[in-house]
Amino acid sequence: MSYVPPHLRNLISSTTTTTTTTSKSNTSPTLTLATDCTNLSYTSNSNSYSNGFRRSSSTLSPLPDPVFPLWNPSQRVLTMSPDQVEEVRCRLNVDVTSAPDSEPAPAPIESFEDMCLHPSIMKDIAYHEYTRPTSIQAQAMPVALSGRDLLGCAETGSGKTAAFAIPMIQHCLAQSPVRRGDGPLALVLAPTRELAQQIEKEVKAFSKSLESFKTAIVVGGTNISDQRSELRAGVDIVVATPGRFIDHLQQGNSSLSRVSFVVLDEADRMLDMGFEPQIREVMRSLPEKHQTLLFSATMPVEIETLTQEYLSSPVQVKVGKVSSPTANVSQNLVKVPDSEKLDRLLALLVEESSHAERSGHPFPLTIVFVERKTRCDEVAEALVAQGLQAVALHGGRSQNEREAALRNFRNGTTSILVATDVASRGLDVSGVAHVINLDLPKVHLANKVLGPRISVVCKHILNKRVIGSLY
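Residues numbered from 1 in each chain as written. Predicted model: local features only at pLDDT ≥ 70, side-chain atom pairs only at ≥ 80, totals over all residues. Heavy atoms only, no water.

The name given to the chain in an unreviewed UniProt entry is RNA helicase, with Cannabis sativa as the source organism. Of the chain, the UniProt comment under Sequence similarities (unreviewed entry) reads exactly: "Belongs to the DEAD box helicase family. DDX5/DBP2 subfamily." (UniProt positions renumbered as here; feature names shortened; annotations may be inferred.)

J.: With reference to specific residues and values, describe the side chain of Ser74.
T.: Structurally, Ser74 can be placed in the loop between strand E2 (41–43) and helix H2 (75–78). Within polar-contact distance, the side chain of Ser74 engages the side chain of Asp114 at 2.9 Å. (Helix = DSSP H or I, 4+ residues; strand = E, 2+ residues; numbered from the N terminus. Polar contact = N/O pair within 3.5 Å; in protein donor to acceptor, adjacent residues only side chain to side chain.)

J.: Can you explain the nonpolar core? Please cite residues and give values.
T.: Counting 56 residues, the largest nonpolar core has Leu117, Phe164, Ile166, Met168 and Ile237 as its most contacted members. In terms of residue count, the dominant contributor to this core is helix H6 (residues 160–173) (eight residues). Contacts of Ile166, omitting those with residues within four sequence positions, involve Phe112, Leu117, Ile121, Ile125, Met141 and Phe206. Counting 29 residues, the second largest nonpolar core, distinct from the first, contains Leu231, Leu264, Leu306 and Leu311. (Core = buried A, V, L, I, M, F, W, Y, C linked by side-chain atoms within 4.5 Å. Buried < 20%, exposed > 50% of the residue type's maximum accessible area, 1.4 Å probe, protein only. Contact = heavy atoms within 4.5 Å.)

J.: Explain the pattern of salt bridges to me, using residue names and the numbers behind them.
T.: Under the counting rule described, the total for this entry stands at 14 salt bridges. The partner of Arg280 in a salt bridge is Glu276, with the nearest N and O atoms 2.9 Å apart. With a gap of four residues between them, Arg280 and Glu276 both fall in helix H11 (residues 276–283), about one helical turn apart. Through salt bridges that share partners, Arg91, Glu110 and Arg132 make up one connected network. (Salt bridge = Lys/Arg side-chain N within 4 Å of Asp/Glu carboxyl O.)

Dropping the structure here:
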């Protein structure tokens, strides 16, 4: 039988079978949480969804309804005045916008203790030495914990992964346990394998104390049969790239039937990479009751359209200026003919190597961005031929090669990373001193890779033809 898109399946089935529906109770499932962060109690109803990708045939019992906890922060936060709320937001450099017909956004919270999180999550926060929420965490986490849809704008390195990972884990803990054949309770979609791996690592960090809590990563370039077994056994959270996750849905290895918490991370990047059809297919196949968090570094028209279609009265949380260059990046523009760009790059980095050797310091970590895979390999080989430690990172490399390249760059074994834009978003690399754009970037790569925490010299080596098109 040929594949039928999920939004058409109910129409097809209704012409061949007669179904009996049971009306749902008007009483929503709730979790009541006292304002002193203790005494959690759960109540839930049972029912099943008819929408979404099919469930495993081995799972025949009705699906439990999702539970959306009634969350409250500590009493101290609840008693904050509007002026105090605005004062905290100003100090955090956070801009918050709510839909005109919705309630005001929850107040920002500057301590994890005041968020009234699950004790196991608090234990893992302490274990990983997280002391205070970052700006995006302080405002986005209360919004997510309250069950509201969220549109978040923040730089890489700002802590936005934890801003959605912690509320997501808290949400999953309120649900009925996942059974074999069930789909996940929460889904995170990310544009690249590397970003998905980073997200999975952080989700596992904050669920370390939960022995039965399971997270699966579903990306291309790895063994699909292992992923199939893991998904069919039942997992709480799936972190995936859109294409590979759609493959598993079409093969019946997973289901959207129990997904009630969805995160679209680096959504603008996913649209740039052509994942809009897959995103739409997933979003329109979700159960009616679900919460959506969308994070994007920029706000193009396509993101606004997605927000209007798939988010319900979202709270927009913006940290700093959207898509603005990081303040601690010093930028230089070098104009050279196209035929001389590689020679100029080699001369620049060889000179840097000599300077580092004379001063007794290691070669500073450097990222060189290029446009094409073949050029990436060419530049890396030319640097190695000059005695420099360089490695190429692009989509044509195997997953193991890409992981090894990033690992060696992060630990300093390799000091120069030559990359296509596969590494331009969502990779939080500490200690990078130089970013060199050998080709004109489509986005500000230094801002997207490095985040706000270090001083960087960013050089743009552009030919005269490109410069002429810019000015």
